[in-house]
Every structure is written in structure tokens, then in C-alpha cells.
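Summary of the model geometry
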Amino acid sequence: MNPTYFRAVGDYNNDGNLDLAVSNIQNQIGFLLTGPSGGVSQEVHLSQSKPVTHLLAADLNGDCVDDLIFVPITSLLLPTPEPLGVLLADPCSLTD
């Protein structure tokens, strides 16, 4: 993954290990999923339509799995900001 600009730590695949979400200027959000030994066991990359800034991990839907909130970079430049982006974690699709 290209140089990262924003990061958020959370357990995105509900395995009890903290994972890392990162964004870069090439419109990608990457998830670095850690295994039991603490090393990265899997990388998952999601493309977005615009560059992403300001990542935040939180359980938004009460399923005990961290979700990801992000701000499209254009929200910081426009007089009328765009809505926040939300990625609800699906622990079945992010496995290690």
C-alpha cells in the first residue's frame, strides 16, 4: 500500500486482536489484520471514489465489532460538506 496518511486501531474482524485501518491519497482504505502472534496475517484493500481522511473506529451498530467512520477529503474543501463515510465491519468477510 502507498504511504498512509490516517490510521485507526480497532478489532475489525472480531478475533480479539487489534487491527489497523489506514488511508492513502490514492482513494484506498486498507485493513491490516493481525494474527495471534501480533504480526500482520492479512491485508484487505477497499477503493473509495475520493481520497479519505480522518479515520475513527467505533462499534456503530451494536454487534461488538469495530466499524470505520471516515471523512471524504472533499468535505474539508467544499462550502457544503459531504456526509461522513461509514464501513460496517462484517467479520465473516474479514478473516485471518
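Right, let's walk through the structure included here. Sequence order as written defines residue numbering, which begins from 1 separately in each chain. With pLDDT at 70 or above as the cut-off, local features in this predicted model cover only qualifying residues; side-chain atom pairs require 80 or more to be listed or tallied, and sums for whole chains, interfaces and linings still use all residues. The basis for the side-chain values is all heavy atoms of the structure; hydrogens and waters are excluded.

**Focus on the overall build of the protein chain**
Strands are runs of DSSP state E lasting at least two residues, helices are runs of H or I lasting at least four, and both sets are numbered from the N terminus onward. Scanning the protein chain from terminus to terminus reveals zero helices and seven strands. Going from N to C terminus, the protein chain has its helices and strands arranged as β-β-β-β-β-β-β. Partly exposed residues are those whose accessible area sits between 20% and 50% of the maximum for their type, while under 20% is buried and over 50% is exposed, using a 1.4 Å probe and protein chains only. Going through the 96 residues of the protein chain one by one, you find that 35% of them count as buried.

**What about the sheet that holds strand β1 (residues 4–10)?**
Two strands qualify as a pair provided DSSP detects at least 2 bridges between them. In spatial order, the strands read β1-β2-β3-β4; together these four strands make up an open sheet with antiparallel pairing. Looking at which strands have only one partner, the edges of the open sheet turn out to be β1 and β4 (40–47). Adjacent strand axes in the sheet meet at a mean angle of 20° when their direction is disregarded. Summarising the sheet, strand β2 (residues 19–24) and strand β3 (residues 28–34) pair through five bridges and their orientation is antiparallel. By the bridge assignment for β3, Val-22 is matched with Gly-30. What counts as an axis is a line fitted to C-alpha atoms, over the stretch in contact for a helix, and the angles between N-to-C directions run from 0 to 180 degrees.

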